[in-house]
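The residues making up each chain are set out below.
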Amino acid sequence: MECVLDDVTVHYVEYGEGFPVVMLHGFSPDHRLMTGCMEPVFADRPGWRRIYLDLPGMGRTKGADWITGSDDMLAVVERVVERLIPAGAPFLVAGESYGGYLARGLLTRQAHRMAGMLLICAAIHAEKEKRDLPPFTVLARDEKLLAELTPEEREEFASIAVVQDRCNWERFEREILSGVRMADMRFLEKLKRRYAFSFDVEPLVGRYDKPVLILTGRQDDRTGYRDAWTILEHFPRASFVMLDRAGHNLQIEQSRLFTALVHEWLDRVEEELRRENR
């Protein structure tokens, strides 16, 4: 499906009907990163309209010359929300890595409408030199599997995976690498020059009192887990979870716990919506 804006056309896929959930993937993959981990959650959970975007320069959404940084990317996301969700209607946002950074940016603009937020290995600091990161650690490695991969595949997978087994490789290839291969790397390199927002995020929001789930990996050497703890006080209804045996692809490496925790977050959202509608 396509959301046609004046100066960019955003590809997205949509499943289900009901309360809208906007899904934002990370930097360089496409919507399959989010469908792969989120659709199993909704397999037996009706009543939710899931909207998975391909951000500009990724997946089937082409970049545009005027998009030069994260402020512009956020503007695209906000305009898509305005186009696809009825004016003033509430919605949820789920974001992974860079998508989590954008979700926090969206909160500064749409806090009055956002009924909850899910952050998966979210980038807290845009600048890598500001991030407090654990060392890269491999906890399980299937040497036979790695020998079967091409050098390029092995480099992509082994450089980020904490659990390097066949199950995780198959999901990594299907949900992440497939999108990375489609990305417009020249466009993304340009975006990196203005990766940080031009404004502070949480201080503009204050205390956001809707259900939030912050998921972090103990071995995540890309966005870490310590930085996410520092924003916790802005979210009095947040659960903060750090999972062992999980790196930056936490949703794959700890899939059962991921699914259970997202279900619990949705339970809290539903409870809050019922309370508000009494």
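Keep in mind that what you see is a predicted model, and the values were worked out from it rather than measured.

## Describing the pairing of strand E3 (residues 19-24)
Most of E3 is tucked away, with 6 of its 6 residues classed as buried. Here E3 shows no split at all, with Phe19, Val21 and Met23 on one side and Pro20, Val22 and Leu24 on the other all buried. By the bridge criterion, 5 bridges tie E3 to strand E4 (residues 48-53) in an arrangement that is parallel. Along E4, the bridge assignment pairs Met23 with Tyr52. A crossover links E3 with its parallel partner E4, the connecting element being helix H1 (residues 32-42), and its sense is right-handed. Here E3 pairs with strand E5 (residues 91-96) via 4 bridges, running parallel. Within E5, the position partnered with Leu24 by the bridge is Gly95.

## Let's talk about helix H7 (residues 185-192)
Taken together, the buried positions of H7 are occupied by Phe187, Leu188 and Leu191. In an axial view of H7, the angular spread of the buried residues amounts to 95 degrees, which keeps them on one side of the axis.

## Digging into the packing of H1 against helix H6 (residues 166-180)
Packing of H1 against H6 brings their axes to within 8 Å, and their N-to-C directions diverge by 150 degrees. It follows from the interaxial angle that H1 and H6 lie roughly antiparallel. Contacts between H1 and H6 involve Arg32, Leu33, Gly36 and Cys37 on the former and, on the latter, Arg171, Arg174, Glu175, Ile176, Ser178 and Gly179. Residue composition of the contact of H1 with H6, by class: 3 nonpolar, 3 polar and 4 charged.

## A short note on the nonpolar core
Counting residues in each nonpolar core, the largest one holds 53 residues, and the members touching the most others are Leu24 and Leu102. Looking at this core element by element, the count peaks at 7 residues for helix H2 (residues 70-84). Excluding residues within four positions of it along the chain, Leu102 makes contact with Leu24, Leu55, Ser70, Met73, Leu74, Val77 and Phe197. Residues Val13, Val41, Phe157 and Leu273 belong to the second largest nonpolar core, which totals 42 residues.

## Re the sheet that holds E4
The 8 strands lie next to each other as E1-E2-E4-E3-E5-E6-E9-E10, forming an open sheet whose pairing is mixed. A single partner strand is all that each edge strand has here, and the edge strands are strand E1 (2-4) and strand E10 (238-243). On average, each strand axis in the sheet is tilted by 20 degrees relative to the strand beside it, whichever way the strands run. Looking at chain direction, strand E9 (residues 212-217) and E10 are connected through 6 bridges and run parallel. Within E10, the position partnered with Thr216 by the bridge is Met242. Each of strand E2 (9-15), E3, E4, E5 and strand E6 (114-120) is contacted by H1, which is oriented at about 170 degrees to E4, the strand it contacts most. Along the sheet face, H2 touches E1, E2, E3, E4 and E5 and points at about 100 degrees away from the line of E1.

## A short note on the pairing of E5
With 6 of 6 residues buried, E5 is to be regarded as a mostly interior element. Of the two faces of E5, the one lined by Phe91, Val93 and Gly95 and the one lined by Leu92, Ala94 and Glu96 are each fully buried. Pairing of E5 with E6, which is carried by 6 bridges, proceeds in the parallel orientation. If you follow Phe91 over to E6, its bridge partner there is Met114. Taken together, E5, helix H3 (residues 98-110) and E6 form a β-α-β motif whose crossover is right-handed.

Thresholds applied
Residues numbered from 1 in each chain as written. Predicted model: local features only at pLDDT ≥ 70, side-chain atom pairs only at ≥ 80, totals over all residues. Heavy atoms only, no water. Buried < 20%, exposed > 50% of the residue type's maximum accessible area, 1.4 Å probe, protein only. Helix = DSSP H or I, 4+ residues; strand = E, 2+ residues; numbered from the N terminus. Pairing = 2+ DSSP bridges. Right-handed = clockwise from strand over helix to strand, strands pointing away. Arc of directions from axis to C-beta. Axes fitted to C-alpha atoms, helices over the stretch in contact; angles between N-to-C directions. Parallel < 35°, antiparallel > 145°, perpendicular 65-115°, else oblique. Contact = heavy atoms within 4.5 Å. Nonpolar A, V, L, I, M, F, W, Y, C, P; charged D, E, K, R; others polar. Core = buried A, V, L, I, M, F, W, Y, C linked by side-chain atoms within 4.5 Å.

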